[in-house]
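# Topology and contacts: notes
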Amino acid sequence: MADTTAQDGDGGDGIRTFPFPVDLSVLGVGMQVGPMGTGRTWHAVDAPLERVHRIDFHVVMLFSEGPVRHMVDFAEYEATAGDLLWIRPGQVHRFSAADDYRGTVLTMQPGFLPRATVEATGLYRYDLPPLLHPDDAQLTALRSALAQLRREYEDTTTLPLSLHTAVLRHSLTAFLLRLAHLAASSDRAAGGPADTTFTLFRDAVEKGFATNHSVSAYADQLGYSRRTLVRAVRAATGQTPKGFIDRRVVLEAKRLLAHTDLPIGRVGAAVGFPDAANFSKFFHQHTEMTPAAFRAELR
């Protein structure tokens, strides 16, 4: 299976990004659900699971055994039986070679669900914690919803493909709504769907942060006044739009500094700073460390 690599020009080594393995899903639909284990039928066969990499799809793992340690974006998480780990597209992560992953895994390709469902389920709420600890009642409901989704996924004979896919979307939505409520509750952030203005801004930043750091440019792109954008982002996150953009840029810079050998100047260029000195100044402002010191501390 092909992969994409975050690298430029003369072929420096970046973080490998693996696409959703459509060829491994039943009937080629945009999702998979099944057991975790050594077969790895849910993951690209050439993916270096014990090395840092990205995926461009969602992964939700419901563990039946533990403990299992898993790294997501500079944090080591320890999951045990009954816990869920939700990894979103673009996040840097690494499996533990020493641990045995057992349970059920769900993967989903971006675009499989309609926009309204994506917003209602908070699929791109990167601010929420990836590791979730449901209580007994929540776990029972999640297991039931996931089991129903798996039955529908594996039933390829009773419905034509178009209806089979529609049923999968409905069953997947039911599971994700429960999961989203758990995620929001665990972060003490439950309170209704995210503001559409902020949702559009967040998506635009995710696509454009490597080249666009301007709040006014995002406001113009989305058709909002700067004041409206400031109000929406503050209400959703407590931050200014500029602070939100800068946090995303810093996170990407940290990923590249920690997990690649790209020269610091090229890391800066990859996140929108053609001048290495300006990048170093920006990074130090937000982390109180130079890029070189941050890299050295992690190696």
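Remember, predicted model here, so these are calculated numbers, not experimental data.

With that settled, consider the packing of aromatic side chains. Under the counting rule described, the total for this entry stands at 12 aromatic pairs. For the ring pair tyrosine 124 and tyrosine 126, a centre distance of 6.3 Å and an interplane angle of 45° mean the geometry is tilted. Ring geometry for phenylalanine 198 versus phenylalanine 244: centroids 5.5 Å apart, planes at 85°, classification edge-to-face. Of this pair, phenylalanine 198 sits in helix α4 (residues 196-208) while phenylalanine 244 sits in helix α7 (residues 241-259), placing them 46 residues apart in sequence. Across the pair, phenylalanine 244 and phenylalanine 198 agree in class, each one buried. Here the aromatic residues Phe74, Phe273, Phe279, Phe282, Phe283 and Phe294 are joined through ring pairs into a cluster of three or more. For arginine 88, the ring lying beneath its charged end belongs to tryptophan 86, and the centroid distance is 3.9 Å. Stacked on the ring of phenylalanine 112, the Lys or Arg arginine 169 has its end atom at 4.8 Å from the ring centre.

The next point concerns the domain arrangement of the protein. Segmentation of the protein into domains returns domain 1 (17-190) and domain 2 (196-298). If you average the C-alpha positions of domain 1 and of domain 2, the two centres end up 27 Å apart. Across the contact, 13 residues belong to domain 1 and 15 residues belong to domain 2. Carbon and sulfur atoms make up 54% of the area that domain 1 and domain 2 hide from each other, which totals about 1,100 Å². Area buried by domain 1 at its contact with domain 2 is led by Arg54, Phe74 and Arg115, which between them contribute 44% of it. Viewed at the interface, domain 2 and domain 1 are joined by 3 salt bridges.

Attention shifts here to the side chain of threonine 260. Here threonine 260 is to be found in the loop between α7 and α8 (264-270). A polar contact is formed between the side chain of threonine 260 and the backbone nitrogen of leucine 262, at a distance of 3.2 Å.

Here is what the cut-offs are and how they apply
- Residues numbered from 1 in each chain as written.
- Predicted model: local features only at pLDDT ≥ 70, side-chain atom pairs only at ≥ 80, totals over all residues.
- Heavy atoms only, no water.
- Phe/Tyr/Trp six-rings, centres within 6.5 Å; stacked < 30°, edge-to-face > 60°.
- Helix = DSSP H or I, 4+ residues; strand = E, 2+ residues; numbered from the N terminus.
- Buried < 20%, exposed > 50% of the residue type's maximum accessible area, 1.4 Å probe, protein only.
- Lys NZ or Arg CZ within 6 Å of the ring centre and 35° of its normal.
- Domains from an automatic or database assignment.
- Contact = heavy atoms within 4.5 Å.
- Buried area = accessible area lost by both parts, 1.4 Å probe.
- Salt bridge = Lys/Arg side-chain N within 4 Å of Asp/Glu carboxyl O.
- Polar contact = N/O pair within 3.5 Å; in protein donor to acceptor, adjacent residues only side chain to side chain.

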